[in-house]
Structure formats: C-alpha cells, structure tokens
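Inside the fold
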Amino acid sequence: MNLQIGSLTLNGRAVLAPMAGAGDRAFREICARLGAAYTVSEMVSAKALEFGDRKTRELMELGDAARPAAIQIFGSEPDVMARAAEKAMAFSPDAVDINMGCPAPKITGPGAGSALMRNPQLCGELVAAVAAAVPVPVTVKIRAGWDEKSVNAAEVAAACESAGAAAVAVHARTRSQMYAPPADWDIIRKVKQAVRIPVIGNGDVTGAQSAAQMLEQTGCDAVMVGRAALGNPWIFRQINSYLTESCRIVPPPGVYERMLVMVRHIDLMCRYKGERRAMNEARKHVAWYLKGLRGAAGFRRRAGQLESRAQLDALVRDVLAAQEPPEGPEAENSL
Ligand SMILES: Cc1cc2nc3c(=O)[nH]c(=O)nc-3n(C[C@H](O)[C@H](O)[C@H](O)COP(=O)(O)O)c2cc1C
C-alpha cells in the first residue's frame, strides 16, 4: 500500500486535504494518528512569507505527529514563490505543494490559486522555480479547470509534470463550480492517463466505499479527503481497513471515542494556540463532532458559545449523559 512521491514514501492511500481555517496543526496530527498517510498545511501566502509574520509562521509549524507532511503555498510569481518555498524549508516540510485550485476571489484576483489554471505555461514555470529552490518533492493541487468551457486539468498536470512536479492532486470541480455540484471524477481519470507521476483524486470522498470507488473508477493512486474528515477523522482508519483488509467495514466510533478524540484535538489546539484563541476556533470543530448525536441541535448551539476549556468539559459531560447508555467494550472507556 506504499505510494512513492519523489523521494517520499506514503504508507497508505488516503491523505488529508489542505483546509484553510480548519486543517491546522492540531487537526492534521489527529488525522495522521487515525491513519491519514499524508497531510497538507493550510495555504500560506508566498508574499506574506517574505515578511514572515507570526500568523504565517504558525500556519507552517509542523510536528512529527502529522508527517509526512507538505506545506502549501500560493502565489503567481515564480521568483516570489521560489523564495517563499526556500523560507518554508525552515519548518522542515517533507514536500512543498503549490495551490492551483483556490476559487476565492481575493486569491484568484491577483492571479493565484485556480486562476493559474488559465495559464498552463505559468503553472510549469512556478513548479520549475520552486523545484529548483527546495530539496524536497514539489507537488501541485489543481482543479478540473477554470470553468466548464475550459476543462484543462490534464494539460496543466502534464505541464507541471514536465517542469518537475512529483505528484498532482486533482479536485474534480472547476473554479466556477466552487464546492457545490457533485465532483466529476472522470477528469481525475483523464489526468491519470495524461501523466506518469502519482495522481491524488479529490472531491466528494465521503467514506470507505466512495474512496474505493474513486480509486477504481479513475485509476488514481491515492484519495484526498477534505470536508468528510471534519468532525470525523476516523474516516482514514475506515478507508485503510476497507482497502487493505478485503473491504472490512470499520463501524463508526461510539460516542465515548468521539468525545475522547474531540477533547484530545481541542487540547492540542489549546497547546498550539493558547486557550482563548483555540476555544474560539474550536467551536466549529466541536459542532462537527457532535453531528448526529442525541440532542445535537442544542449542544451545537452551546458549542457555538464556548470560551474556555472548562466549558468544554461541562459540555462533554452533558452530551454523554444525554446518550443511550453504551453497550459492550465502549462502556469501559471513560474520559
Ligand atoms: C474549509 C475549507 C478550506 C479549504 N482550504 C484549502 C486550501 O487552503 N488549499 C487548497 O488547496 N484547498 C483548500 N480547500 C479545498 C479542499 O482541499 C478540497 O479540494 C475540497 O474541499 C474538495 O474535497 P472534499 O470534497 O473532500 O471536501 C478547502 C476546502 C474547505 C472546505
């Protein structure tokens, strides 16, 4: 089940997608512990990296627990991106990833993110400049294309491969589709046919079966999971078991395990960001972890007001008290 990305070996086929505002160091570590074979940082502005402010440095901090790991950078000027990648090396990433998929106007306006899909030659120049600046593999994350009239992921992937990219992740939607319509995995298959480097398929993997389907339908080498991992980092364990143990379906975690991992996750956030900021950012994660539990609507409202770690303990106690008494081995777990 190993996958080779340049000099880097991934021990599995399910990787965590970069997610600005959600995929911070704490979450990446939790996902890696639960089986993500590779993690990618939140996107970091190449321009901001030149000035190296505290926020930008924090985005790049990498613990060993989340490795192998890439730092993702965005920008549109090869020399600026090369300098940024060089600076990012201070944080010892195992790879540097170039963002060619972000649809947000503040990123595409200056020509970065998915705006790069309109200029395959520039994509190649960016890869070449960054690859010349760093000793680790350089990867790219692209979309299907800019819009429905210009679906050119295969062409962009080939340009990046020729320029030295070690792998390509394909989010199977165009920029104009943002995140809404179902991803069209066929574009992943086309990219796979167009290049020899590993192709990582992305878009709408929601569980072990859809991961296996994407691998089979497209021939891609690994799947990248984004939204379905939020509040559900067990998805990596489930995909791994399904793929390596003859389609074994690992049941979803019970409420005790859910709360235990959630608390560990939020504790890591507190450690890395300080309690005040962490608890503010933790609100959305806690709400995701609570999804589907008995009384979730009310508990999620409480999650939206969390201000301290002590309030989280109180919330967890009330959540557990409101659930059915657990049966079997889970009953022996406790916080
Ligand atoms: C909250 C959020 C933040 C994201 N931030 C980034 C990012 O920083 N860099 C990037 O390349 N993609 C980013 N993406 C896109 C995801 O990596 C992924 O391509 C997309 O969510 C589709 O995969 P999914 O269907 O598994 O969620 C983000 C997506 C979400 C939902």
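Residues numbered from 1 in each chain as written. Predicted model: local features only at pLDDT ≥ 70, side-chain atom pairs only at ≥ 80, totals over all residues. Heavy atoms only, no water.

Each assigned domain of the chain is listed with its residue range as follows: domain 1 (2-244) and domain 2 (255-332). Look at where the C-alpha atoms of domain 1 and domain 2 centre, and you get two points 29 Å apart. Of the residues lining the interface, 18 residues belong to domain 1; the matching set on domain 2 comes to 15 residues. Taken together, the links from domain 1 to domain 2 amount to 3 salt bridges. Arg237 is the partner of Glu257 in a salt bridge, and the nearest nitrogen-oxygen pair spans 3.1 Å. Our count for the domain 1 to domain 2 interface comes out at 6 residue pairs in polar contact (both at pLDDT 80 or more). (Domains from an automatic or database assignment. Contact = heavy atoms within 4.5 Å. Salt bridge = Lys/Arg side-chain N within 4 Å of Asp/Glu carboxyl O. Polar contact = N/O pair within 3.5 Å; in protein donor to acceptor, adjacent residues only side chain to side chain.)

Turning to the packing of aromatic side chains, a few remarks are in order. In this structure the tally under the stated criterion is 1 aromatic pair. Ring geometry for Trp234 against Tyr289: centres 6.1 Å apart, planes inclined by 85°, an arrangement best described as edge-to-face. Residue Trp234 is located in the loop between strand S11 (222-225) and helix H10 (235-244), and its partner Tyr289 is located in helix H12 (residues 275-290); the two are separated by 55 residues in the primary sequence. Among the residues examined, Trp234 registers a relative accessible area of 1% and is labelled buried. Residue class for Tyr289 comes out buried when judged on its relative accessible area of 0%. Of note, Arg143 hangs over the ring of Tyr179, and the distance from its end group to the ring centre comes to 5.2 Å. We note Arg175 situated over the ring of Trp146; from NZ or CZ to the ring centre the distance is 3.9 Å. (Phe/Tyr/Trp six-rings, centres within 6.5 Å; stacked < 30°, edge-to-face > 60°. Helix = DSSP H or I, 4+ residues; strand = E, 2+ residues; numbered from the N terminus. Buried < 20%, exposed > 50% of the residue type's maximum accessible area, 1.4 Å probe, protein only. Lys NZ or Arg CZ within 6 Å of the ring centre and 35° of its normal.)

This part covers the site of the ligand. Residues in close proximity to the ligand total 16 residues, the closest being Pro18, Gln72, Asn202, Asp204 and Arg227. A per-class count over the shell around the ligand returns 7 nonpolar, 6 polar and 3 charged. (Near = heavy atom within 4 Å. Nonpolar A, V, L, I, M, F, W, Y, C, P; charged D, E, K, R; others polar.)

Right, let's get into the side chain of His171. Within the secondary structure layout, His171 lies in strand S9 (residues 167-174). His171 sits in the buried class, given a relative accessible area of 5%. When neighbours within four sequence positions are excluded, His171 is seen to be in contact with Ile142, Arg143, Ala144, Met178, Tyr179, Asn202 and Gly203.

Time to look at the side chain of Asp221. Along the chain, Asp221 falls in the loop between helix H9 (208-218) and S11. Classification of Asp221 by relative accessible area gives buried; the value is 15%. A distance of 2.9 Å separates a polar atom in the side chain of Asp221 from a polar atom in the side chain of Lys192. A distance of 2.8 Å separates a polar atom in the side chain of Asp221 from the backbone nitrogen of Val199.

Let us look at unusual backbone geometry. Along the chain, Arg67 connects to Pro68 via a cis peptide bond; the corresponding omega equals -5°. Among the secondary structure elements, Pro68 is positioned in the loop between helix H3 (54-60) and strand S6 (69-74). Phi angles above zero are rare outside glycine, and Ser92 is one such case at about 55°. Along the polypeptide, Ser92 turns up in the loop between helix H4 (78-88) and strand S7 (95-100). The backbone of Ser246 shows a phi angle near 45°, a positive value even though the residue is not glycine. Along the chain, the position of Ser246 falls in the loop between H10 and helix H11 (255-273). Among the residues examined, Ser246 registers a relative accessible area of 71% and is labelled exposed.

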